[in-house]
There are 2 protein chains.
Amino acid sequence: MDLWYTEKHSENVGITMKVTKTLFSGESEFQKLDIVETLEYGKMMLLDGLVMVTERDEFVYHDMISHPALFTHPNPKKVLVIGGGDGGSIREIMKHPSVEQAVLCEIDGLVIDKSIELLPSMACEIDGSNPRVKLHVDDGIAYIREHQDEFDVIMIDSTDPIGPAVGLFEEDFYRLVFGALKEDGIMVAQSESPFYHPEIQKNMYKNLRAVYPIVEMYQAFIPTYPSGFWSFAFASKKYHPVKDFDRERAKNRGFYTRYYNEDLHLGAFMLPTFAKENIAG
Amino acid sequence: MDLWYTEKHSENVGITMKVTKTLFSGESEFQKLDIVETLEYGKMMLLDGLVMVTERDEFVYHDMISHPALFTHPNPKKVLVIGGGDGGSIREIMKHPSVEQAVLCEIDGLVIDKSIELLPSMACEIDGSNPRVKLHVDDGIAYIREHQDEFDVIMIDSTDPIGPAVGLFEEDFYRLVFGALKEDGIMVAQSESPFYHPEIQKNMYKNLRAVYPIVEMYQAFIPTYPSGFWSFAFASKKYHPVKDFDRERAKNRGFYTRYYNEDLHLGAFMLPTFAKENIAG
């Protein structure tokens, strides 16, 4: 039997992939979780029926949510990830020797457990083996409220602004994150597709600009996300991701990155006209 | 009845789109041509069952095959497009006042005729109304052989290297194009997806480097092409697309481009690590 998974990116367009096996299918108190084996993209995790990560293209997302902020901040020591229960962001953060502690605050323990069991290439640093990593199964908003003025970098590695992540796109939340950052801290968040989600982007960047003095959008291509064209928000108290970027430090990083590099860092902030228009304030 | 068109990007993955109407379906001596109406992407042209252009995202491809070369060359007067029978590339070239003549050499007259009839937003400059545009329904290789030392810029706006376009990816052809360019000429060609087509890229760039002193790859996001991540080859006798780029001239271009802009021009050449590796020579 040929099984094809189709994710609709809108009513009228979608991506379709051949699936060979369902490795897990279950439901937590927050969402539906499926992990399947695909022929083209390896293992794939879905939340509420939407692709979150695949083994083949996760390197793009995890490089790009992590390294631009960690190479802009001159000395990131303490980093918080909200969401990101697959562990891919923590894996990349751990490549930075300056980081003394990374905290993962994921609302859904089932995502963490099943990632450790079935997606070890991503979850390799959240399985308890690394003393620099702390796990909290908790609501990110509650966690941040109790940890003010503490982090150099905070990454919002969330799902789309529907379901459990809806509060993570609002001004009140960005203000809380601002408070949880030190005086030169940086927040990064996935910010949807400029092609399919201009309205979400418009609101999100308006909310960010109400809180942070420096707000920039940057881009990455992720084949299994709607349109393949994805974006991240860089919101910062002090450091500008281009003007304050130390290209030499990034160039001499001493570890391999299959997507990120010191030139791509700069190019990622050079956006197509229509994407700039989405967030023109 | 719900009709969905699915293009497989490999054996195991594809894009699927809701189709409301078939506007044309026929066959020339070279290939099968279909033009359908989709709900998400407007009218869409397919050759041999593969998406060539859609009304909604064609601006990306046509901006990016045209403007980087035309804003790198200091004074492009005579431009040749091989393929490109939909007319979108010619439409963009015509926005450059320095261009005195643009020649479209398309092997398949049916593509031109049906584009003029059904895709007027793309074909608006190839319908006979513009005296700066010349059409030749001819084999591009034959045409170039007879027009040596004549063009400032030549754009290879071809299909994939299967079917009628296979010769347009070979070293002999790049040598012919080299001869058809003036001593400071630039050739641009679509060069497939770094994600799905590393082997095609490897060969193509090896062939280009055997002929041209300057060969660079640049990128664009095209949602309806495989993986959404697409690339173009910039092959040049004299001008480097980054070092010789006049940002001020591009900034003061005086016409609207929905994808291209003077910063994106530079960013487009800043590639992900894996894409650079595809063509590392």
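Residues numbered from 1 in each chain as written. Chains lettered and ligands numbered in written order. Predicted model: local features only at pLDDT ≥ 70, side-chain atom pairs only at ≥ 80, totals over all residues.

Undergrad: What exactly am I supposed to notice about the overall build of chain A here?
TA: If you tally the helices and strands in chain A, you get ten helices and twelve strands. For chain A, the C-alpha radius of gyration of 18 Å lies close to 19 Å, the compact-globule estimate for 281 residues. In terms of its C-alpha atoms, chain A occupies a principal-axis envelope of roughly 55 × 45 × 35 Å. Of all 281 residues assigned to chain A, the portion counted as buried reaches 52%. Considering only residue pairs separated by 6 or more positions, chain A has 65% of its internal contacts joining residues 24 or more positions apart. (Helix = DSSP H or I, 4+ residues; strand = E, 2+ residues; numbered from the N terminus. Rg over C-alpha atoms; globule rule 2.2 N^0.38 Å. Buried ≥ 20, exposed ≤ 12 C-beta atoms within 10 Å, placed from the backbone. Contact = placed C-beta atoms within 7 Å.)

Undergrad: So what exactly am I meant to see when it comes to the nonpolar core here?
TA: General note: in soluble globular proteins, nonpolar side chains tend to be found buried as a group. If you look at the biggest cluster of nonpolar residues, it comprises 172 residues, and the most contacted ones within it are Ile154, Val188 and Ala233 of chain A together with Ile154, Val188 and Ala233 of chain B. When residues no more than four places from it in sequence are discounted, the contact partners of Val188 of chain A are Ile65, Ala69, Met155, Ile156, Phe232, Ala233 and Phe234 of chain A. (Core = buried A, V, L, I, M, F, W, Y, C linked by C-beta atoms within 7 Å.)

Undergrad: I would appreciate a short explanation of the relation of the copies chain B and chain A in the present structure.
TA: Both copies of the chain are related through a single rotation about an axis accompanied by a shift along the same axis. Superposing chain B onto chain A takes a rotation of 180 degrees plus a shift of 0.0 Å along the axis, which leaves an RMSD of 0.0 Å. These values place the two chain copies in the arrangement generated by a two-fold rotation axis. Rotation axis and chain B: the residue whose C-alpha lies nearest the axis is Gly267 of chain B, separated from it by 1.9 Å. Taken as a fraction of all interface residues of chain B, those also at the interface in chain A reach 100%, which identifies the copy contact as same-surface. (Least-squares fit on C-alpha atoms with pLDDT ≥ 70 in both.)

Undergrad: Please explain the interface of chain B and chain A as it appears in this structure.
TA: Reports of interface size often rely on the accessible area that becomes lost once the parts have come together. Taken residue by residue, the interface counts 31 residues in chain B and 31 residues in chain A. Listing elements by their share of the side of chain B that touches chain A, those giving two or more residues are strand 1 (3-10), strand 2 (13-27), helix 9 (262-267) and helix 10 (273-278) of chain B. Tallying contributions element by element places strand 2 of chain B first for the side of chain B that touches chain A, with six residues. The residue makeup of the side of chain B that touches chain A, split by class, is 15 nonpolar, twelve polar and four charged. Taken together, the five bridges between strand 2 (residues 13-27) of chain A and strand 2 of chain B define a ladder with antiparallel strand orientation. (Nonpolar A, V, L, I, M, F, W, Y, C, P; charged D, E, K, R; others polar. Pairing = 2+ DSSP bridges.)

Undergrad: Would you take a moment to explain helix 7 (residues 198-209) of chain B for this structure?
TA: The periodicity of an α-helix, 3.6 residues per turn, causes residues three or four positions apart to be oriented the same way. Residues and elements named next belong to chain B. Given a rise of 1.5 Å per residue, twelve residues ought to cover 16 Å, and the 16 Å separating the end C-alpha atoms of helix 7 matches this to within 8%. Residues Gln201, Met204, Tyr205, Asn207 and Leu208 constitute the buried set of helix 7. Projected onto a plane normal to the axis of helix 7, the buried residues spread over an arc of 155 degrees and lie on a single side. Packed against the buried residues of helix 7 are helix 6 (171-180), strand 11 (214-221), strand 12 (229-236) and helix 10. (Expected span 1.5 Å × (residues − 1). Arc of directions from axis to C-beta.)

Undergrad: Hey, could you run me through the sheet that holds strand 9 (residues 151-157) of chain A in this one?
TA: To summarise the sheet geometry, strands pair through backbone hydrogen bonds and adopt either a parallel or an antiparallel arrangement. Residues and elements named next belong to chain A. Strand order in the open sheet formed by seven strands is 8-7-6-9-10-12-11, and the pairing between neighbours is mixed. Whereas interior strands pair on both sides, the edge strands pair on one side only; in this sheet they are strand 8 (133-137) and strand 11 (214-221). The mean inter-strand angle of the sheet, taken between neighbouring strand axes irrespective of direction, is 15 degrees. The pairing of strand 9 with strand 10 (residues 181-190) spans five bridges and is classified as parallel. Residue pairing in the sheet places Met155 in a bridge with Val188 of strand 10. Across the sheet, helix 6 (residues 171-180) lies against strand 9 and strand 10, angled at about 140 degrees from strand 10, the strand it touches most. (Axes fitted to C-alpha atoms, helices over the stretch in contact; angles between N-to-C directions.)

Undergrad: What is the right way to read helix 1 (residues 58-72) of chain A from this model?
TA: Between the first and last C-alpha of helix 1 of chain A there are 22 Å, a value that for 15 residues agrees with the 21 Å anticipated at 1.5 Å per step. By the largest-angle criterion, Met64 of chain A marks the main kink of helix 1 of chain A, which is about 30 degrees, and a proline, Pro68 of chain A, follows within four residues. (Bend = angle between axes of the 7 residues up to and from the residue.)

Undergrad: So what exactly am I meant to see when it comes to the domain arrangement of chain A here?
TA: Residue and element names in this part refer to chain A. Each assigned domain of chain A is listed here: domain 1 (3-52) and domain 2 (58-278). Counting residues per element, the ones that place at least two in the side of domain 1 that touches domain 2 are strand 1 (3-10), strand 2, strand 3 (32-38), strand 4 (42-47) and strand 5 (50-54). Per element, the largest residue contribution to the side of domain 1 that touches domain 2 is four residues, and it comes from strand 2. Its residues assigned to classes, the side of domain 1 that touches domain 2 comprises twelve nonpolar, five polar and two charged. (Domains from an automatic or database assignment.)

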